[in-house]
2 protein chains.
Amino acid sequence: MQQIVVDKFDLQILDALQRRGNATNSALGEEIHLSPSQISRRISRMEQGGIIASYAALLDPAAIGLDVSAFAQVTLERHGESRSDAFERAVAALPEVVACFSVSGDADYVMHIVAPDLVAFSNVMMKRIMRLPGLTHLKTNIALKTVKQTSVLPLDHIMHAPQPRRRMQFASA
Amino acid sequence: MQQIVVDKFDLQILDALQRRGNATNSALGEEIHLSPSQISRRISRMEQGGIIASYAALLDPAAIGLDVSAFAQVTLERHGESRSDAFERAVAALPEVVACFSVSGDADYVMHIVAPDLVAFSNVMMKRIMRLPGLTHLKTNIALKTVKQTSVLPLDHIMHAPQPRRRMQFASA
DNA sequence: GCTGAAAACCCTTTGGT
DNA sequence: ACCAAAGGGTTTTCAGC
């Protein structure tokens with residue numbers, strides 16, 4: 001990972017773009033008191049540097065008829081890596097699975113699943129998830145209400161970043 | 001919720017915009033075999049209709065130093081609505097909490113929390129989450145690996161949508 | 001070397017056919 | 001539904017600091 005340095009202005013741009021990815025450079029310039037050229041240059045630098053990964057249109061799940069959201073905790077058979085690899089590839093290919101993390105604790109994975117209704121959700125679980133290779137235990141919680149869901153990541157820590165701590169190092173050569 | 005009708009082309013546009021929110025109308029037009037004007041009109045219709053909620057720049061968490069992701073299951077004291085309201089408002093105000101859903105099952109809420117490192121994460125949990133009003137039980141799982149995380153919602157169900165079932169209705173007046 | 005103004009290019013959108 | 005024209009937006013260049 002290349003060290004790309006960002007300043008106060010870059011952080012303001014990132015904050016704005018996380019909320020309004022389609023903001024114009026002129027509008028951003030007004031807000032942040034920078035010329036459109038600067039905004040343009042800074043944005044492409046952060047795109048190139050891998051800080052901005054992509055742009056996306058965010059859809060309203062309810063408006064497209066995705067009324068069911070659920071969380072599944074999955075445990076796999078204790079086998080080698082091949083099992084989990086197969087599982088992870090299978091999960092990644094399911095469009096209904098919008099997030100999946102391997103976790104510490106009782107379960108091996110937690111995943112977020114969306115579906116149009118309970119019938120469809122049940123189908124996804126029965127026909128897709130439960131047939132995934134090596135699955136031994138499964139616990140699902142249906143979401144009753146979305147309290148908060150955002151793609152906006154916090155940036156506060158970047159300004160107040162602690163100086164890198166000095167450590168001993170081993171002479172490598 | 002107003003019924004806004006989408007066709008095959010609209011779905012193609014939505015699919016593309018979910019992945020590349022900054023695609024130009026001309027580029028989309030080439031892909032979908034529609035004129036830029038059509039694309040433009042269809043997009044504004046879907047924005048107006050509330051299908052497209054917003055646009056966002058998606059950042060790479062690792063690139064901005066957010067290395068810890070965790071899931072918390074929270075149980076609240078059995079009190080009236082006021083408790084959960086206060087809790088939900090507090091949660092919504094925490095930038096580290098990127099998602100929170102109330103759920104069926106053992107816990108009342110599941111939430112997704114991000115932090116720069118374990119120290120910072122611990123601080124968020126101790127100083128912010130655990131002090132939220134009315135919290136009685138808390139279980140956290142640290143994410144070891146992100147298997148999948150996407151803002152792309154499935155659209156397949158829209159085409160194959162079942163015809164609305166006829167039902168009896170009560171004469172309301 | 002970096003900044004900002006301006007120009008050129010491209011995209012978008014609207015109105016007419 | 002398409003096309004054309006007008007109105008903006010973005011980006012690059014160039015002059016100045």
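Not measured: the values here are computed from a predicted model. (Residues numbered from 1 in each chain as written. Chains lettered and ligands numbered in written order. Predicted model: local features only at pLDDT ≥ 70, side-chain atom pairs only at ≥ 80, totals over all residues. Heavy atoms only, no water.)

Novice: Any details on unusual backbone geometry? Residues and values, ideally.
Specialist: Phi angles above zero are rare outside glycine, and histidine 33 of chain A is one such case at about 65°. Secondary-structure assignment places histidine 33 of chain A in the loop between helix 2 (25-32) and helix 3 (36-48). (Helix = DSSP H or I, 4+ residues; strand = E, 2+ residues; numbered from the N terminus.)

Novice: Which residues make up the packing of helix 2 (residues 25-32) of chain B against helix 3 (residues 36-48) of chain B, and what values go with them?
Specialist: A pair of packed helices can be characterised by two numbers: the angle between their axes and the separation between those axes. Residues and elements named next belong to chain B. Between helix 2 and helix 3, whose axes approach to 8 Å, the crossing angle comes to 105°. Judged on the interaxial angle alone, helix 3 and helix 2 are roughly perpendicular. Taking contact as the criterion, the partners of Asn25, Ser26, Leu28 and Gly29 in helix 2 are, on helix 3, Pro36, Ile39, Ser40 and Ile43. (Axes fitted to C-alpha atoms, helices over the stretch in contact; angles between N-to-C directions. Parallel < 35°, antiparallel > 145°, perpendicular 65-115°, else oblique. Contact = heavy atoms within 4.5 Å.)

Novice: Can you tell me about the relation of the copies chain B and chain A, naming the residues and giving the values?
Specialist: Once turned by 180° and shifted 0.0 Å along the axis, chain B lies on chain A with an RMSD of 0.1 Å. What the rotation and shift describe, once combined, is the action of a two-fold rotation axis. Residues of chain B ranked by C-alpha distance from the rotation axis are headed by alanine 56 of chain B, positioned 2.8 Å from it. (Least-squares fit on C-alpha atoms with pLDDT ≥ 70 in both.)

Novice: So, the UniProt feature "domain: HTH asnC-type" (unreviewed entry) in chain A: which residues are in play, and what are the values?
Specialist: Under the UniProt annotation, "domain: HTH asnC-type" (unreviewed entry) lies at residues 6-67 of chain A. With 53% helix and 13% strand, the stretch residues 6-67 of chain A has end C-alpha atoms that lie 40 Å from each other. (UniProt positions renumbered as here; feature names shortened; annotations may be inferred.)

Novice: Summarise helix 4 (residues 81-93) of chain A; cite the residues concerned and give the values.
Specialist: Residue and element names in this part refer to chain A. Helix length check: helix 4 (13 residues) gives 18 Å between terminal C-alpha atoms against 18 Å at 1.5 Å per residue, within 8%. Of the positions making up helix 4, those classed as buried are Ser84, Phe87, Glu88 and Val91. Projection of helix 4 onto a plane perpendicular to its axis shows the buried side chains occupying an angular sector of 95°, all on one side. In this structure, helix 4 carries Ser82, Arg89 and Ala93 as exposed residues pointing more than 90 degrees from its buried face. (Expected span 1.5 Å × (residues − 1). Buried < 20%, exposed > 50% of the residue type's maximum accessible area, 1.4 Å probe, protein only. Arc of directions from axis to C-beta.)

Novice: Describe the protein's contact with DNA strand C, naming the residues involved and giving the relevant values.
Specialist: Taken together, the residues surrounding DNA strand C are Ser35, Ser37, Gln38 and Arg41 of chain A together with Thr24, Asn25, Ser26, Pro36, Ser37, Ser40 and Arg41 of chain B. Among the atoms of DNA strand C close to the protein, meaning within 4 Å, 52% are from sugar or phosphate groups. Contact distances for DNA strand C include 3.1 Å between a sugar or linking oxygen and a side-chain N or O atom of glutamine 38 of chain A. At 2.4 Å, a side-chain N or O of serine 40 of chain B approaches a phosphate oxygen of DNA strand C. Among the elements of the structure, helix 3 of chain A together with helix 2 and helix 3 of chain B are those that each provide at least two residues to the surface near DNA strand C. Examining the composition of the surface near DNA strand C, we find that four residues originate from one element, helix 3 of chain B, more than from any other. Taken together, the residues that form the surface near DNA strand C break down as one nonpolar, eight polar and two charged. (Near = heavy atom within 4 Å. Polar contact = N/O pair within 3.5 Å; in protein donor to acceptor, adjacent residues only side chain to side chain. Nonpolar A, V, L, I, M, F, W, Y, C, P; charged D, E, K, R; others polar.)

Novice: Kindly report on the protein's contact with DNA strand D, identifying the contributing residues and their values.
Specialist: By nearness alone, every residue bordering DNA strand D is listed as Thr24, Asn25, Ser26, Pro36, Ser37, Ser40 and Arg41 of chain A together with Ser37, Gln38 and Arg41 of chain B. For DNA strand D, the backbone makes up 57% of the atoms found within 4 Å of the protein, where backbone means sugar plus phosphate. Within the contact set of DNA strand D, a phosphate oxygen lies 2.8 Å away from a side-chain nitrogen or oxygen of serine 40 of chain A. Take arginine 41 of chain B: an N or O atom from its side chain is 3.2 Å from a base nitrogen of DNA strand D. Of all the secondary structure elements, the ones that give two or more residues to the surface near DNA strand D are helix 2 and helix 3 of chain A together with helix 3 of chain B. Of the residues contributing to the surface near DNA strand D, the split by class is one nonpolar, seven polar and two charged.

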